[in-house]
Amino acid sequence: MIIVYHSYYNICLPFTAASIHCDNTTKVARIISCPFLLDFDCYIWGKLFFTGIDSFGNKIYFMAYNKAGSIFIRAIIGIISYLGIEKDQLIFIDTLRCANYYLNIGNFLLRMKLVNNLTKTFFNKGLNLAFQEISLLVEETLLQLEGMKESRRSK
Amino acid sequence: MKIFYCCYGGTHSSVVLAWIHVGRLPIDRIPSYFEITKLPYYDRIGQNRIGVPCYIGNDDIGNEIFVIGLGSQKRIFLNAFQGLLKIININPNKELIIVNSLSQLNCFIRIGGFISRRLGLVAVGRLLTVWGIQIRYQEFIRMVKDVKYLVQKGKAPLVLN
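### Some points on the overall build of chain A
Line of reasoning, step 1. Secondary structure summary: chain A contains five helices and four strands in total.
Line of reasoning, step 2. Secondary structure elements of chain A, listed N to C terminal, follow the sequence β-α-α-β-β-α-β-α-α.
Line of reasoning, step 3. What you see for chain A is a C-alpha radius of gyration of 16 Å, in line with the 15 Å of a compact globule of 155 residues.
Line of reasoning, step 4. Each principal axis of the C-alpha distribution contributes one length, and for chain A these read about 55 × 30 × 25 Å.
Line of reasoning, step 5. When the 155 residues of chain A are sorted by exposure, 49% land in the buried category.
Line of reasoning, step 6. Accessible surface computed for chain A: about 7,800 Å², of which carbon and sulfur atoms make up 56%.

Okay, here's the thing in structure tokens:
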């Protein structure tokens, strides 16, 4: 199964979620120190980045897009299903619900091409605040996966 | 092979191209207003359905024809989609083609589509889109012929503009 964490504009949230999913001992400091976290450019939009394989054997990816995310996901899932791949082989998880004002301001500064200490501070603060929510999102995903595994076993 | 005709909303130009491809619209004359507006999916896909592929039918050599709206982020979508195809080991050249019909649009279709789908003024918008399509109809036929030729020769790329 392929799991893609995605978000609008910046990879900060999906990257954190994917990292937690693969290794639940991940710390904010480690994510913030990642060199490409603030290396923003539109070339990353739509690209799938591999993070690792989780304990269930699922491949974990993360991705960012510009806008119209729901259209994007519907189109991918729709076409993939017509290619004979089961829909539940591909799970997209939107991490945008974990965003907060600090991350939004950080994103805004990135959009203005301002990558400086202030931007990093906003991201650091925002990610620290969002970490709990992201962990919860990952936990929910893991529960969903466990449920799917159980239902397959019972079949 | 699966052929996906795509445009912004997947409800005007892509629908007409797909119906020309399956043979429901004529290739020797320009169809009337009613012939176009009575096509399934024509000017009927709402905002919440953009992105969902709609099956149109099979052409004379068994290719499956679909229409899909990709919104304004087609380049980003194709980035992600190609990445995903690699991950799941699908060779897109043998399985599908995405035909971009946006290159065939003129201002009447664009404005008509906006008026009908966004502003909800269906009667005015639909009239404009049909008018625009009738003006560009010969180009539509040429595009479908190109697609059929490339598919038959096995030379079709993943994305055809």
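### Focus: helix α4 (residues 101-111) of chain A
All names here are of chain A.
Line of reasoning, step 1. Buried within α4 we find Leu103, Gly106, Asn107, Leu109 and Leu110. Each buried residue of α4 lies within a common arc of 160° when the element is viewed along its axis, so the set occupies one face.
Line of reasoning, step 2. Those residues of α4 that are buried lie in contact with α1 (12-22) and α5 (117-154).
Line of reasoning, step 3. One side-chain oxygen of the residue at the start of α4 lies 3.3 Å from the amide nitrogen of tyrosine 102, identifying that residue as asparagine 100.
Line of reasoning, step 4. With its phi angle positive at about 65°, lysine 113 sits one or two positions after the end of α4.

### Observations regarding the nonpolar core
Line of reasoning, step 1. Ranked by size, the top nonpolar core spans 66 residues in total, and within it A:Ile76, B:Phe77 and B:Phe81 carry the most contacts.
Line of reasoning, step 2. Per-element accounting of this core gives the leading share, nine residues, to α5(A).
Line of reasoning, step 3. When residues no more than four places from it in sequence are discounted, the contact partners of A:Ile76 are A:Leu90, A:Phe92, B:Phe77, B:Ala80, B:Phe81 and B:Leu84.
Line of reasoning, step 4. In terms of nonpolar packing, the next biggest core, distinct from the first, is built from 35 residues, B:Leu39, B:Val99, B:Ile141 and B:Val151 among them.

### So, the interface of chain A and chain B
Interfaces are often sized by the accessible area lost when the parts come together.
Line of reasoning, step 1. Each partner contributes residues to the interface: chain A has 26 residues there, and chain B has 32 residues.
Line of reasoning, step 2. In total, chain A and chain B occlude about 2,300 Å² of area from one another, counting both sides; carbon and sulfur atoms represent 78% of this.
Line of reasoning, step 3. Connecting chain A to chain B are three residue pairs in polar contact (both at pLDDT 80 or more).
Line of reasoning, step 4. For the side of chain A that touches chain B, the secondary-structure elements that each account for two or more residues are β3 (59-65), α3 (69-82) and β4 (90-94) of chain A.
Line of reasoning, step 5. With nine residues, α3(A) is the single largest residue contributor to the side of chain A that touches chain B.
Line of reasoning, step 6. Here the residues of the side of chain A that touches chain B sort into 20 nonpolar, three polar and three charged.

### Some remarks on the packing of aromatic side chains
Line of reasoning, step 1. Inspection of every chain in the model, using the stated rule, returns 10 aromatic pairs over all chains.
Line of reasoning, step 2. Measuring from ring centre to ring centre gives 5.1 Å for A:Phe15 and A:Phe62, while their planes differ by 55°; the resulting arrangement is tilted. Of the two residues, A:Phe15 sits in helix α1 while A:Phe62 sits in strand β3, which places them 47 residues apart along the sequence. For the pair A:Phe15 and A:Phe62, a shared accessibility class is recorded, and that class is buried.
Line of reasoning, step 3. Three or more aromatic residues link up through ring pairs in this structure, and these residues are A:Tyr82, B:Phe4, B:Tyr55 and B:Phe66.

### Some thoughts on the state of the cysteines
Throughout this description, disulfide means a covalent bond between two cysteine sulfur atoms.
Line of reasoning, step 1. If you walk through the whole model with that rule in mind, you get zero disulfides over all chains.
Line of reasoning, step 2. A disulfide-free cysteine, A:Cys98 has its sulfur positioned 11 Å from the sulfur of A:Cys12, the nearest such atom.
Line of reasoning, step 3. Residue A:Cys98 is classed as buried on the basis of its relative accessible area of 3%.
Line of reasoning, step 4. Sulfur of B:Cys7: no disulfide; nearest cysteine sulfur belongs to B:Cys6 and is 7.1 Å away.

Cut-offs applied
- Residues numbered from 1 in each chain as written.
- Chains lettered and ligands numbered in written order.
- Predicted model: local features only at pLDDT ≥ 70, side-chain atom pairs only at ≥ 80, totals over all residues.
- Heavy atoms only, no water.
- Helix = DSSP H or I, 4+ residues; strand = E, 2+ residues; numbered from the N terminus.
- Rg over C-alpha atoms; globule rule 2.2 N^0.38 Å.
- Buried < 20%, exposed > 50% of the residue type's maximum accessible area, 1.4 Å probe, protein only.
- Areas by Shrake-Rupley, 256 points an atom, 1.4 Å probe, with all protein chains shown as cover.
- Arc of directions from axis to C-beta.
- Contact = heavy atoms within 4.5 Å.
- Polar contact = N/O pair within 3.5 Å; in protein donor to acceptor, adjacent residues only side chain to side chain.
- Core = buried A, V, L, I, M, F, W, Y, C linked by side-chain atoms within 4.5 Å.
- Buried area = accessible area lost by both parts, 1.4 Å probe.
- Nonpolar A, V, L, I, M, F, W, Y, C, P; charged D, E, K, R; others polar.
- Phe/Tyr/Trp six-rings, centres within 6.5 Å; stacked < 30°, edge-to-face > 60°.
- Disulfide = S-S within 2.5 Å.

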